[in-house]
Amino acid sequence: MDVSLTLWVLTIAGLAALIAVDFFIGRKPHDVSLKEAGIWTVVWIALAGLFGLGLLLFAGGRPAGEFFAGFITEKSLSVDNLFVFVLIMAKFAVPTQYQQRVLLVGVLIALVLRAVFIAAGAAILASFAWVFYLFGAFLIWTAWKLVQEARADADEEEFEENRLLKAAERRFGVADRYHGTRLWIQENGKRVMTPMLVVMLAIGTTDVLFALDSIPAIFGLTQDPYIVFTANAFALMGLRQLYFLIGGLLKKLVHLSYGLSIILGFIGVKLVLHALHESGVHVPEISIPVSLGVICAVLIVTTITSLRASRKQAAAATAHGDGEGAAQDSIGV
């Protein structure tokens, strides 16, 4: 897809305008209701759908299919990010009325950093075709790692600050409490960070780690930097509302890691096949419609099986609790 500089500028300006509207509406700290989160989640998904339809009308079916496949993949991978966001919010004890501001700025930081990753990835792929093998192998390894983590009976996870964050805290110091939405304050004659700025940096920089698998994954679906960037932008910008909408349902998606591992493994195989085809080896390539169908089917099946497993676990826990209560009553008698 041949994208002019004018279209790039207009796209970035349009995204910036949408972010500005989102920031203006949510500028006053408040607790986000399920209704508000639901409305804005629908709005962002509808905007992504309209953008994809625009690609279909003006660029053809292939770019539109690549965008939708990339958007759905990035959206499903970003849901996995929400688990870590919940841990970060708990770690820093972020008041509920400030969480939407934290997520907005954190997502903006993540979007800027991902744009750098996308530009670097596009340049590398354009110069070195063998990188497709590397990306494919990395995604297959990541898929296997996700399966191993899902099968492990790990204790309750806890967020650990990365080195960059720890270095910033040592360099500037951190206030002992929140000061509204302020990012810096004067304390004992010294300018120090507030916990608000620390948690924003935590969310923004932590997302970079997730980009290490999501960026290769979307490059496995399309090598067009414009589609890669816009799919990432629309997936990330609706993440804040999604956090408040399904935050309580995250623990019920018990099979999400398995579903994501299948998707990443599938895209990894697709990348390896593409690399072999580029090297002159006659192997079948996986088309975008097939990729889109597999991704959607895996997510639907994963969601259904997760909800069923969660209901069974809840019923078993209730029965176990009732049994213990009856035993205690008999002992008391």
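Per an unreviewed UniProt entry, the protein is named TerC family protein, and its organism is Streptomyces adustus. As recorded by UniProt, the Subcellular location (unreviewed entry) comment attached to the protein reads in full: "Membrane". Quoted straight from UniProt, the Sequence similarities (unreviewed entry) entry for the protein says "Belongs to the TerC family."

Draft legend 1. Summary view of the nonpolar core. Ranked by internal contacts, the top residues of the largest apolar core, which has 81 residues, are Phe-67 and Phe-92. Among all residues touching Phe-67, those that are not within four sequence positions of it are Ala-48, Phe-51, Gly-52, Leu-55, Ile-227, Thr-230, Ala-231 and Phe-234.

Draft legend 2. Region of interest: the packing of aromatic side chains. Evaluation of the coordinates by the stated rule reveals 10 aromatic pairs. Taking 6.2 Å as the distance between ring centres and 40° as the angle between the ring planes, the aromatic pair formed by Phe-51 and Tyr-226 counts as tilted. Taken together, the residues span a long stretch of sequence, with Phe-51 in helix α2 (residues 34–58) and Tyr-226 in helix α8 (residues 225–237) at a distance of 175 residues. Relative to Trp-184, the ring of Phe-172 has its centre 5.3 Å away and its plane inclined at 80°; by these criteria the two rings are edge-to-face. Placement of Phe-172 in helix α6 (residues 163–172) and of Trp-184 in strand β1 (residues 184–187) is noted, with a sequence separation of 12 residues between them.

Draft legend 3. Representation of the pattern of salt bridges within the structure. Across all of its chains, the model carries two salt bridges by this definition. As a salt-bridge pair, Arg-62 and Glu-66 come within 3.3 Å of each other at their nearest N and O atoms. In this pair, Arg-62 and Glu-66 are both assigned in helix α3 (residues 61–91), four residues apart and thus about one turn of the helix distant. A salt bridge links Glu-74 to Arg-114; its shortest N-O distance comes to 3.1 Å. Here Arg-114 lies in helix α4 (residues 99–127) and Glu-74 lies in helix α3, a separation of 40 residues in the sequence. Grouping residues by exposure puts Glu-74 and Arg-114 together as buried.

Draft legend 4. Layout of the packing of helix α1 (residues 5–25) against α4. Packing of α1 against α4 brings their axes to within 10 Å, and their N-to-C directions diverge by 165°. The angle between the axes of α1 and α4 places the two elements in the roughly antiparallel class. The two elements α1 and α4 cross, and the hand of that crossing is left-handed. Two secondary-structure elements touch here, α1 through Ile-19, Asp-22 and Phe-23 and α4 through Arg-101, Leu-104, Leu-108 and Leu-111. Residue composition of the contact of α1 with α4, grouped by class: five nonpolar, no polar and two charged.

Rules used throughout
Residues numbered from 1 in each chain as written. Predicted model: local features only at pLDDT ≥ 70, side-chain atom pairs only at ≥ 80, totals over all residues. Heavy atoms only, no water. UniProt positions renumbered as here; feature names shortened; annotations may be inferred. Core = buried A, V, L, I, M, F, W, Y, C linked by side-chain atoms within 4.5 Å. Buried < 20%, exposed > 50% of the residue type's maximum accessible area, 1.4 Å probe, protein only. Contact = heavy atoms within 4.5 Å. Phe/Tyr/Trp six-rings, centres within 6.5 Å; stacked < 30°, edge-to-face > 60°. Helix = DSSP H or I, 4+ residues; strand = E, 2+ residues; numbered from the N terminus. Salt bridge = Lys/Arg side-chain N within 4 Å of Asp/Glu carboxyl O. Axes fitted to C-alpha atoms, helices over the stretch in contact; angles between N-to-C directions. Parallel < 35°, antiparallel > 145°, perpendicular 65-115°, else oblique. Left-handed = near helix turned anticlockwise from the far one by under 90°. Nonpolar A, V, L, I, M, F, W, Y, C, P; charged D, E, K, R; others polar.

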